[in-house]
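This is what each chain is made of:
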Amino acid sequence: MASLDEVRQLKKEQIRSLTMCGHVGFESLPDQLVDRSIQQGFCFNILCVGETGIGKSTLINTLFNTNFEELESSHFCPCVRLRAQTYELQESNVRLKLTIVNTVGFGDQINKEESYRPIVDYIDDQFEAYLQEELKIKRALFNYHDSRIHVCLYFIAPTGHSLRTLDLLTMKSLDSKVNIIPLIAKADTISKSELQKFKMKLMSELVLNGVQIYQFPTDDDTTAKINGAMNGHLPFAVVGSMDEIQIGNKMVKARQYPWGIVQVENENHCDFVKLREMLICTNMEDLREQTHTRHYELYRRCKLEQMGFVDVGPENKPLSLQETYEAKRHEFYGERLRKEEEMKQMFVQRVKEKEAILKEAERELQAKFEHLKRIHQEERMKLEEKRRMLEEESIAFSKKKATCDLFQSQSFMASGSSIKKDKDRKKIDAATAFCDCLTAKERMRLCVTPPRKDLD
Amino acid sequence: MDERRSLSPCSSRPSSPRTPPCEILGSVGIEAVLDQLRIKAMKTGFEFNIMVVGQSGLGKSTMVNTLFKSKVWQSSLPNLELPMPQTLELHSVTHVIEEKGLKLKLTVTDTPGFGDQINNDKCWDPILSYINQQYEQYLQEELLITRQRHIPDTRVHCCVYFVPPTGHCLRPLDIEFLRRLCRTVNVVPVIARADSLTIEERDAFRSRIQQNLKTHCIDVYPQKCFDEDVNDQLLNSKIREQIPFAVVGADREHLVNGRCVLGRKTKWGIIEVENMAHCEFLLLRDLLIRSHLQDLKDITHNVHYENYRVLRLNESHLLPRGPGWVNLAPASPGQLMSPGPGKVRKRANKDPREDEC
C-alpha cells in the first residue's frame, strides 16, 4: 500500500494549474451530470425501526405527503420480521424510487434477545446482494436497483426517562452498518421542558455507550451552518399526521385534541420540518454517499477478509484479489478432486461388497440345484428299475400266454370234440388255473378275461 | 459483443422491481436532491482524459491548445534539434483548469511518431496497450480489499483521430487503426487542416469517409446502439451526419472587423477558427466539452471498461499454472492488444453491426 501512495503523490506533483485565455464552456458539466441523473432516476431506501404502533407509517406518509398503502400490523408476531415496499414518486422532473422497510413485531415479544438480529441480517443481505453483483464477471451496476439501506429512522418511545435497553442494544448493533437518525416519536405527549431534558439524557446515553449516530456533514460551506445547527437538535421530536384541520384560513396537517391542536409543520410544536429538511432537502445525497463509501466498503472489506482475501501476500508484495481468488480456486479444485476420488473409492468398495454377496447367493443356489438334480436322478433310476422289472414280468407272462394258447389249439385239433371237450376242458382248466396264477392286476393289464366255460 | 446493445448507460428501469406510482399531495422537496448533486459535483471536481492520434504535422497539439484555450503543450512546433522519434511514444500531460468555480482535471495524451515510420505495421499496438494499461490500473484499484474513496480515473475517455486531408478517402492505415480502436475506446475522427479543402471538397470527402466507415463496420462515437431515447437519437443522428468534423486549429489571435478572433493568417485571408462558415471547430468543441463530456465518460466506464473487465476476469483462469501463474499485475502486451484469432472472431460474430455489413 505504501508504494501505491507514493505513486499517487508523484502524480499529484506532476499536475499543473493552467490559466485559460478564453471561455471554454465546461461549466455546463454539472448540468450534464444532473441531466444524466434525472434520466436514471433516484433511489432512496429508508428503514424504520420502532415498536408496533409508535407511528412509523404515519410519519413516512407525512414526510412524503402521500398515503402509502400500509396495513396495521398485529402485536402478536412471534419474531421480528421486515417488510419492504417500493414506491415510485415523481416531483416535477425528478423520479424517486423510494423503498420503505418496516420492522413488524419489534418489541412485541416477551423475550426480546434476538429482536435486533433480523434487522442486522436484512441490512447485511442487501450489502451482500450488491457485493455479489459487483463481483460478477458480467455485471450491470448502472442498471442495478440499489436496495441498500441509506438511512435508519429509529423511533424512541416518549417515556421521558431514558433510553431503553432494547433500543440501546439495537442501535449499538446497527451503528456500523447504517446511518442512524434517532427520533422521539409521538412527541405531542411530552411537554417542552421534559423534552429538553429527555433529549439531553438520550444524547448523553448514546455518547456514553459509544453509539455512532449520523452526523450531518459540515464540510461544505453552503450547508455547514444549517447542518451544524441541526446536529444540536438531535434526536428530533416528531409528530406525524395526515389529517387536515382548518386553522385560520388554511388547511394544515395536525392532530386535534380536546385541549388543543398540534400542528405538524409548526416548528414550535415539533421538529418535523427539521427532519424533512435534513433528510430530504439537504442530505439525501450525502446519506447515499456515506452508505456507499463507508458502510458498504466496511462490509465489503470484512466479508472479503473473512473469505480469506488479503491485500498483501506472504512476502509483503501486494497481492491482487484475483491472485488470492485463483489460489483459493486452485485449493478448492484440489479439494474437489480429492473428494471425488474418495467418493469413487467408496463407490467401488460398495460395488465389490455387493458383488461378493451376490456371488455367494449364486453359489448357494447352484449347490441347491445340484442337490435337487441328484435326488431327481436317483429317483428316476429307481423308477427305471421298477419299470424294467415290470416289463420283464409282462414279457414273461405274454410268453406263457402264447404257449398256453398254442397248447390249447393243438389239443383241440388232436382229439375230436369230446376229447376236444376234455382237452378243452383241460386246457380251459389249465388256462383257468394259469389265469388264477396271475394276479388280478396282471390280468387287467393283459386284458385277459377268464375264459368262458361255454367255449364250444 | 451483443451485450453492448443492452448495456446502455442511462437506463435504470429493467432490473428494478415493479413499483406502483404514488401521487404526492403537496411539495416534499425531492427536487432539492438535484442541487445536492450539483454541490457534490462542484466539490469533487471533474476529470477528463483525451488522447489525440494522428501523423505529425496535422495540428494535433494546436488543436488541443485551441480546445482548451491554453498552452497545454509548451510549444507546438516540433523541436528541430531532436531527431524524429523512431518509435511511437506516448506523452501525457495533466492540467487542472478552472472555470466559474468548477475544476476540471484534464489529461491529454499525445502520440508523436504515429504513422511516421516507413513500416507502420502494428503502430496501433502501443496505443492499445496504453489504453488497456489504464483500464488495468483502474481494475486493480477496484479489486483491492481496502479501496480508496475515489478511484483516480486515468482511463482514456475520448480518442480524437486526425485524418489527413487527402480529399479522397480513408487510407489503409486509418481504417486499420479505427477498426481496432473503436472497440476499446470512444473514437471521434476529425478532418485535420481542413483549410486546404474547399467546402465542396470537404463535403465530398466527408461522405466518402462516412461510407468507408460504414463499409468497414467502424462504430465511431456517438454509437448508435447507445442511444437512450428519442431525444438522444435526434441529437446524435444530427451529429452523426456531420462526423467527421472538418477542423482548423489556431492559437494566435488576429483582428478581424474590430474583433479579436483566433485564426490562421494567410495571404489570401484569415481563417477564423470559431466561425461556422469557415470550419467546424465549434461543433467539435461542443461535442467534446459542452454536451457530451459526461456521456463520453459514462460510455467509457459502463461499456468499454466493463468489456475489458469481463475479458480480463475470464482470461485469468486460462493463464498457465506455473510458479508465476498468478501474475496478473503487469499484463503482457501480446495478450491484450491483439486478442488471438479466436477471440477476434468471437467478438466479430457478436458485433451487432456485422449484420448490417
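Cut-offs used in this document
Residues numbered from 1 in each chain as written. Chains lettered and ligands numbered in written order. Predicted model: local features only at pLDDT ≥ 70, side-chain atom pairs only at ≥ 80, totals over all residues. Heavy atoms only, no water. UniProt positions renumbered as here; feature names shortened; annotations may be inferred. Helix = DSSP H or I, 4+ residues; strand = E, 2+ residues; numbered from the N terminus. Buried < 20%, exposed > 50% of the residue type's maximum accessible area, 1.4 Å probe, protein only. Contact = heavy atoms within 4.5 Å. Areas by Shrake-Rupley, 256 points an atom, 1.4 Å probe, with all protein chains shown as cover. Pairing = 2+ DSSP bridges. Expected span 1.5 Å × (residues − 1). Domains from an automatic or database assignment. Axes fitted to C-alpha atoms, helices over the stretch in contact; angles between N-to-C directions. Parallel < 35°, antiparallel > 145°, perpendicular 65-115°, else oblique. Left-handed = near helix turned anticlockwise from the far one by under 90°. Nonpolar A, V, L, I, M, F, W, Y, C, P; charged D, E, K, R; others polar. pLDDT = per-residue confidence, 0-100. Core = buried A, V, L, I, M, F, W, Y, C linked by side-chain atoms within 4.5 Å.

- Naming follows an unreviewed UniProt entry, where chain B appears as Septin-12 isoform X1 of Mesocricetus auratus.
- As recorded by UniProt, the Sequence similarities (unreviewed entry) comment attached to chain B reads in full: "Belongs to the TRAFAC class TrmE-Era-EngA-EngB-Septin-like GTPase superfamily. Septin GTPase family."

- In the nomenclature of an unreviewed UniProt entry, chain A corresponds to Septin from the organism Mesocricetus auratus.
- As its UniProt record puts it under Sequence similarities (unreviewed entry), chain A is described as follows: "Belongs to the TRAFAC class TrmE-Era-EngA-EngB-Septin-like GTPase superfamily. Septin GTPase family."
- Recorded in UniProt for chain A, the comment headed Function (unreviewed entry) runs: "Filament-forming cytoskeletal GTPase."

## Concerning the overall build of chain B
Okay, so step 1: Along chain B, the regular secondary structure elements total eleven helices and ten strands.
Okay, so step 2: Across the 357 residues of chain B, 54% fall into the buried class.
Okay, so step 3: Taking as baseline every contact in chain B between residues at least 6 positions apart, the subset at least 24 positions apart corresponds to 71%.
Okay, so step 4: Accessible area for chain B stands at about 16700 Å²; split by element, carbon and sulfur atoms hold 54% of it.

## Topic: the pairing of strand E10 (residues 260-263) of chain A
Residues and elements named next belong to chain A.
Okay, so step 1: Both strand E9 (residues 250-257) and E10 contribute to a ladder of four bridges, which runs antiparallel. Following the sheet pairing, Arg 255 is matched in E10 by Val 262.
Okay, so step 2: Connecting E9 to the next strand, E10, in antiparallel fashion are two residues.

## A closer look at helix H9 (residues 284-306) of chain A
Okay, so step 1: Taking 1.5 Å per residue, 23 residues should reach 33 Å; H9(A) reaches 32 Å between its end C-alpha atoms and fits that length.
Okay, so step 2: Looking one or two places after H9(A), you find Gly308(A), whose phi comes out positive at around 105°.

## A few points about the domain arrangement of chain A
Okay, so step 1: The domain architecture assigned to chain A consists of domain 1 (33-307) and domain 2 (315-396).
Okay, so step 2: Computed from C-alpha atoms alone, the centre-to-centre distance between domain 1 of chain A and domain 2 of chain A is 69 Å.

## Quick word on the pairing of strand E2 (residues 46-53) of chain B
Residues and elements named next belong to chain B.
Okay, so step 1: Summarising burial for E2: eight of the eight residues are buried, a large majority.
Okay, so step 2: The side-chain alternation of E2 yields two buried faces, one formed by Phe 46, Phe 48, Ile 50 and Val 52 and the other by Glu 47, Asn 49, Met 51 and Val 53.
Okay, so step 3: Note that E2 and strand E4 (residues 102-110) share seven bridges and pair parallel. Its bridge partner being in E4, Ile 50 is matched across the sheet by Val 108.

## Focus on the packing of helix H3 (residues 60-67) of chain B against helix H8 (residues 281-291) of chain B
Residue and element names in this part refer to chain B.
Okay, so step 1: H8 packs onto H3 with a crossing angle of 70° between their chain directions and a minimal axis gap of 11 Å. Judged by the angle between their axes, H3 and H8 are roughly perpendicular. Between H3 and H8 lies a crossing whose hand is right-handed. Counted together, Met 63, Thr 66 and Leu 67 of H3 and Phe 281, Leu 284, Arg 285, Leu 288 and Ile 289 of H8 form the full contact between these two elements.
Okay, so step 2: Looking at the contact of H3 with H8, its residues break down into six nonpolar, one polar and one charged.

## Re the sheet that holds strand E8 (residues 244-247) of chain A
Residue and element names in this part refer to chain A.
Okay, so step 1: Pairing within the open sheet is antiparallel, and its three strands lie in the order E8-E9-E10. The sheet terminates laterally at E8 and E10, the two strands that pair on one side only. Each neighbouring strand pair of the sheet contributes to a mean axis angle of 65°, computed without reference to strand direction.

## Here's the deal with the confidence of the model for chain A
Okay, so step 1: The predicted model of chain A has a mean per-residue pLDDT of 82, with 83% of residues at 70 or higher.
Okay, so step 2: Confidence drops under a pLDDT of 50 for residues 314-318 of chain A, and excluding neighbours within four residues, the segment shows five contacts in the predicted structure.

## Looking at the nonpolar core
Residue and element names in this part refer to chain B.
Okay, so step 1: One finds Phe 68, Phe 114, Ile 127, Leu 181 and Leu 288 to be the most contacted residues of the largest nonpolar core, which totals 91 residues.
Okay, so step 2: Broken down by element, this core gets its largest block of residues, eight residues, from helix H4 (residues 125-143).
Okay, so step 3: Not counting residues up to four positions away in its chain, the partners in contact with Ile 127 are Met 51, Val 53, Leu 88, Leu 90, Thr 111, Phe 114, Phe 177 and Leu 181.

## Thoughts on unusual backbone geometry
Okay, so step 1: Cis geometry marks the peptide bond from Tyr221(B) to Pro222(B); its omega dihedral reads -5°.
Okay, so step 2: The residue Pro222(B) is located in the loop between helix H6 (199-215) and helix H7 (230-242) in this model.
Okay, so step 3: In this structure, Pro244(B) follows Ile243(B) across a cis peptide bond, with omega equal to -10°.
Okay, so step 4: Among the secondary structure elements, Pro244(B) is positioned in the loop between H7 and strand E7 (245-246).
Okay, so step 5: One non-glycine residue, Asn65(A), lies in positive phi territory at about 55°.

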